[in-house]
Amino acid sequence: MDIVTRPRILVVGAGFAGVECVRRLERRLTPGEAELTLVTPMSYQLYLPLLPQVASGVLTPQSIALSLRRSEKYRTRIIPGGAIGVDLRAKVCVIRTIAGDTVDEPYDYIVLAPGSVTRTFDIPGLTDHAFGLKSLAEAAYLRDHVISQLDLADACTDPAERASRLQFVVVGGGYAGTETAACLQRLTHAAVKRYPRLDPGLIKWHLIDIAPKLMPELGEKLGRSAHEILTRRGIEISLGVSIAKAGGEEVTFTDGRVVPTRTLIWTAGVVASPLIGTLDAETVRGRLAVNADMRLPGYDGVFALGDSAAVPDLAKGDDAVCPPTAQHALRQGRHVAENVIATLRGRSTRPYVHQDLGLVVDLGGTDAVSKPLGYELHGLPAQVVARGYHWSALRTGVAKTRVMTNWLLNAVAGDDFVRTGFQAHRPGSLRDFEYLDAYLTPEQVRAHVEEAGRAAR
């Protein structure tokens, strides 16, 4: 009876926000105070900011996948699956397990941290031919694909095909796109030296974005510095431009240019998880509208945070909301855990306030631009700050050791340019990696929960 009557706390999502919330709850709650359950399709936390370094081979995939099952002291039950709908009134979360079964998980308190998915537009051919970079599988696939283009270009006899395989297009001038273009360009620049039959001049990287400036959040000086670094490396940057049409062998820009390429990488921002659309609740630009204490207005025991929640940014004011960054997600996770505990114990919750600590952009090698606490840095000092920040943000000592070892080994020995071939015979486009058709509508969620309730009676 004691187990049955304990409050049930359900956390959805194992990103920065969800994992930090669970870890804080485990440390602060007494063993018999509540049941903790985490819903995630992967039993690891992915350190997303370092994905471009996995794609370029600087880091191994395992380095940034922090296991949730490594420690024996954690008592959270993990459900291996994804939440596809939530009935806020019935307090039931509908979950599709990795085995394909649909199960209902009742809760007393729910923390919604499902994260985000790649933002796409209605561009012909985009989801069929573009590659994303939001998961470990996509990063590993992209590395294999880029190296395979060099192999195929070296093997083919058609000059036009060779040229198209050696052109690469990255869409998105934010942090993800800029770092991805910078890291992968370094990979191909180093690798082509091992292909004596290939002309290095044929390798061309394009970085395009509809915005007028590269990474405007960095400010005029650092944004210009990053632009100059990439241009000096030979990356062609086109601003005020996007994609009009994507094909298997060419991409058409909105300015009319047609670029023959077999590699289109789409990193043009993110949107909240489709799970938010199943709640039938108020949103702000697709993100769940919550109070400053991250509670969902009108519903008891519902909290939301991270990329899927429009958390008011009280440090900025003027109706600003916190940007979808790892820095905010980490701190929101800890803060919302304290608010859940306060609610559980009948105390008042506190609003979330965090002053942004700055921005770091790793461009590979000794190139970087950083803005810690408002100080503008570039070059090696910025690189030290960027990697120091990422290293310190890794949650476990094992992960820190692996990442530092990979960095040192890559700096000393370079890359072996090996492609695994594990996914050589499966498609790897945005459509294949982001399972957006799995989610239910609000009406389907209610109907499913009502039917399950009748069956139980």
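Since the structure is predicted, the reported quantities are computational estimates derived from the model, not experimental observations.

So, how was this worked out
Residues numbered from 1 in each chain as written. Predicted model: local features only at pLDDT ≥ 70, side-chain atom pairs only at ≥ 80, totals over all residues. Heavy atoms only, no water. Phe/Tyr/Trp six-rings, centres within 6.5 Å; stacked < 30°, edge-to-face > 60°. Helix = DSSP H or I, 4+ residues; strand = E, 2+ residues; numbered from the N terminus. Buried < 20%, exposed > 50% of the residue type's maximum accessible area, 1.4 Å probe, protein only. Patch = residues over 30% accessible without salt bridge, like charges linked within 9 Å, V, L, I, M, F, W, Y side chains within 5 Å. Areas by Shrake-Rupley, 256 points an atom, 1.4 Å probe, with all protein chains shown as cover. Salt bridge = Lys/Arg side-chain N within 4 Å of Asp/Glu carboxyl O. Pairing = 2+ DSSP bridges. Axes fitted to C-alpha atoms, helices over the stretch in contact; angles between N-to-C directions. Contact = heavy atoms within 4.5 Å. Core = buried A, V, L, I, M, F, W, Y, C linked by side-chain atoms within 4.5 Å. Expected span 1.5 Å × (residues − 1). Arc of directions from axis to C-beta. Lys, Arg positive; Asp, Glu negative; His and termini not counted. Polar contact = N/O pair within 3.5 Å; in protein donor to acceptor, adjacent residues only side chain to side chain.

As a further point, take the packing of aromatic side chains. The full count for this structure, using the stated rule, is four aromatic pairs. Arranged with centres 5.3 Å apart and planes meeting at 85 degrees, the rings of Phe16 and Tyr47 form a pair that is edge-to-face. Taken together, the residues Phe16 in helix α2 (residues 16-28) and Tyr47 in the loop between β3 (44-46) and α3 (51-55) connect sequence positions 31 residues apart. A residue is classified by how much of its surface remains accessible, and Phe16, at 8% relative accessible area, is buried.

Another aspect to go through is unusual backbone geometry. Within the chain, Met215 stands out as a residue other than glycine whose phi angle is a positive 45 degrees. When you line up the elements, Met215 lands in the loop between β12 (204-209) and α8 (220-233). Exposure remark for Met215: the relative accessible area of 0% places this residue in the buried category.

A surface patch of nonpolar side chains, about 350 Å² in accessible area, is lined by Leu357, Leu373 and Tyr375. With respect to the element layout, Tyr375 can be found in the loop between β24 (368-372) and β25 (377-378).

The strand order across the open sheet built from seven strands is β7-β6-β5-β2-β1-β8-β21, with neighbouring strands paired in mixed fashion. Two strands lie at the open edges of the sheet, namely β7 (102-106) and β21 (302-304), each paired on one side alone. On average, each strand axis in the sheet is tilted by 35 degrees relative to the strand beside it, whichever way the strands run. Sheet analysis places strand β1 (residues 8-12) next to strand β2 (residues 35-40), joined by five bridges and oriented parallel. Bridging from a neighbouring strand, Ile9 pairs with Leu36 of β2. Its contacts with the sheet place α2 against β1, β2 and β8 (109-112), and it is angled at close to 155 degrees to β1. Along the sheet, helix α13 (residues 442-456) contacts β5 (77-87), β6 (92-97) and β7; its crossing angle with β5, the most-contacted strand, is approximately 115 degrees.

By the secondary structure assignment, Gly298 is in the loop between β20 (287-289) and β21. Sequence separation of Gly298 and Ala281 is 17 residues, and the distance between their C-alpha atoms is 9.5 Å.

Moving on, we come to the nonpolar core. Ranked by size, the top nonpolar core spans 110 residues in total, and within it Leu25, Ile64, Val86, Ile110 and Leu112 carry the most contacts. Once you skip the residues sitting within four places of it in the chain, Val86 turns out to touch Val92, Cys93, Tyr107, Ile110, Leu112, Leu275, Thr278, Leu279 and Val445. In terms of nonpolar packing, the next biggest core, distinct from the first, is built from 16 residues, Val171, Val241, Ala246 and Val259 among them.

Across the sheet, which stays open at both edges, the three strands sit in the order β19-β20-β22 with mixed pairing between neighbours. Looking at strand neighbours, the two that pair on one side only are β19 (283-284) and β22 (309-310), the edges of this open sheet. The pairing of β19 with β20 spans two bridges and is antiparallel. In the sheet register, Thr283 faces β20, and the bridge partner there is Leu288.

Let's shift gears to α13. Look at α13: 21 Å from first C-alpha to last across 15 residues, which is about the 21 Å you get at 1.5 Å a residue. Turning to α13, its buried residues number three or more, namely Pro442, Val445 and Val449. Projection of α13 onto a plane perpendicular to its axis shows the buried side chains occupying an angular sector of 60 degrees, all on one side. Those residues of α13 that are exposed and angled more than 90 degrees off the buried face are Glu451, Arg454 and Ala455. Residues of α13 that are buried in the fold lie against β5 and β6.

Looking at the element boundaries, Arg197 is found in the loop between α7 (175-191) and β12. Residue classification places Arg197 among the exposed residues on the basis of a relative accessible area of 54%. Residues Arg197 and Val258, 61 residues apart in the sequence, show an inter-C-alpha distance of 26 Å. Apart from residues no more than four positions distant in its own chain, Arg197 is found in contact with Asp154, Ala155 and Arg162.

A few words now on the side chain of Arg262. Assignment of secondary structure puts Arg262 in the loop between β16 (258-260) and β17 (263-266). One buried charge, Arg262, has no salt-bridge partner; the nearest side chain with opposite charge is Glu249, at 4.1 Å. Within the local environment of Arg262, its side chain forms a polar contact with the side chain of Ser164, the two groups lying 3.2 Å apart.

Here Glu138 is to be found in helix α5 (residues 136-155). Setting aside chain neighbours within four positions, we find Glu138 in contact with Gly132, Leu133, Leu430, Phe433 and Glu434.

Fair warning: the whole summary comes from geometry, so function is off the table for now.
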